[in-house]
Amino acid sequence: MSDTATIIPLDNVDPVLVEQLLDCAFEPERRQRTAYKVRDGVDWLPALSFAALDGDEMLVGTIQCWPVALNDENGRAHPMIMVGPVAVMPEHQGEGYGQALVSASLACIDSRAPLPQVMIGDPEYYGRFWGFTNQYTGGWSLPGPFEQSRLLVRCENPAVLPEKGTLGPWLG
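Let us look at the structure shown here. (Residues numbered from 1 in each chain as written. Predicted model: local features only at pLDDT ≥ 70, side-chain atom pairs only at ≥ 80, totals over all residues. Heavy atoms only, no water.)

### Thoughts on the overall build of the protein
In step 1: Within the protein, the secondary structure is distributed over 4 helices and 8 strands.
In step 2: When the helices and strands of the protein are listed from N to C terminus, the series reads β-α-α-β-β-β-α-β-α-β-β-β.
In step 3: For the protein, whose C-alpha radius of gyration is 16 Å, the value lies close to the compact-globule estimate of 16 Å for 172 residues.
In step 4: Each principal axis of the C-alpha distribution contributes one length, and for the protein these read about 50 × 30 × 30 Å.
In step 5: Burial statistics for the protein: of 172 residues in total, 43% are counted as buried.
In step 6: Total accessible area on the protein stands at roughly 9000 Å², and carbon and sulfur atoms take up 50% of it. (Helix = DSSP H or I, 4+ residues; strand = E, 2+ residues; numbered from the N terminus. Rg over C-alpha atoms; globule rule 2.2 N^0.38 Å. Buried < 20%, exposed > 50% of the residue type's maximum accessible area, 1.4 Å probe, protein only. Areas by Shrake-Rupley, 256 points an atom, 1.4 Å probe, with all protein chains shown as cover.)

### Here's the deal with the side chain of Gln-117
In step 1: Here Gln-117 lies in strand β5 (residues 117-120).
In step 2: On the basis of relative accessibility, which here comes to 4%, the residue Gln-117 falls in the buried class.
In step 3: Looking at Gln-117, its side chain comes within polar contact range of the main-chain oxygen of Leu-115, at 2.6 Å.
In step 4: A polar contact of 2.5 Å, which involves the side chain of Gln-117, links it to the side chain of Arg-154.
In step 5: Once residues lying within four places of it in the same chain are set aside, the contact partners of Gln-117 are Ile-81, Val-83, Leu-106, Ile-109, Phe-132, Leu-152, Val-153 and Arg-154. (Polar contact = N/O pair within 3.5 Å; in protein donor to acceptor, adjacent residues only side chain to side chain. Contact = heavy atoms within 4.5 Å.)

### A word on the packing of helix α3 (residues 97-107) against helix α4 (residues 123-130)
In step 1: At a closest axis distance of 12 Å, the pairing of α3 and α4 adopts a crossing angle of 55°. One way to sum up the angle between α3 and α4 is to call them oblique. Where α3 crosses over α4, the handedness of that crossing is right-handed. Only Tyr-125, Tyr-126, Phe-129 and Trp-130 of α4 make contact with α3, whose side of the interface consists of Gln-99, Val-102, Ser-103 and Leu-106.
In step 2: Looking at the contact of α3 with α4, its residues break down into 6 nonpolar, 2 polar and no charged. (Axes fitted to C-alpha atoms, helices over the stretch in contact; angles between N-to-C directions. Parallel < 35°, antiparallel > 145°, perpendicular 65-115°, else oblique. Left-handed = near helix turned anticlockwise from the far one by under 90°. Nonpolar A, V, L, I, M, F, W, Y, C, P; charged D, E, K, R; others polar.)

This is how it looks when you write it as structure tokens:
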């Protein structure tokens, strides 16, 4: 990442550019992924979603966070924040943009009443830098196929996490 890279609120970026970046970073079929079902019908959270611009002020990365809930066996919804997708243009991956975006987003979560954060990602990477773990998610399910070991959570007090439940949109 260049010294002149800038992190800005995602809502300052044209949504068409965000969609183009997501298509480049993943693929146009990305909307078929299970993560899209988890957050279906809700809007991303502007206060926790950011964009990375390179030294030429070109969009090179984004992160979006979403209101989701783990619905336990009794039908109770436990609100959470879904972190991701973290998307970086392929030619800029490995340059630190993704790490800067995740750090910026997590830094904005209110420590006085933090909601657990969940994501689908690499446990070694996200655990090493931000404390995400799959230790508490073994009994959780998603509305589509996923690798159980990649379902991660980060929580100040893991005792509040239900052992079992299904992750889906938080419709409040």
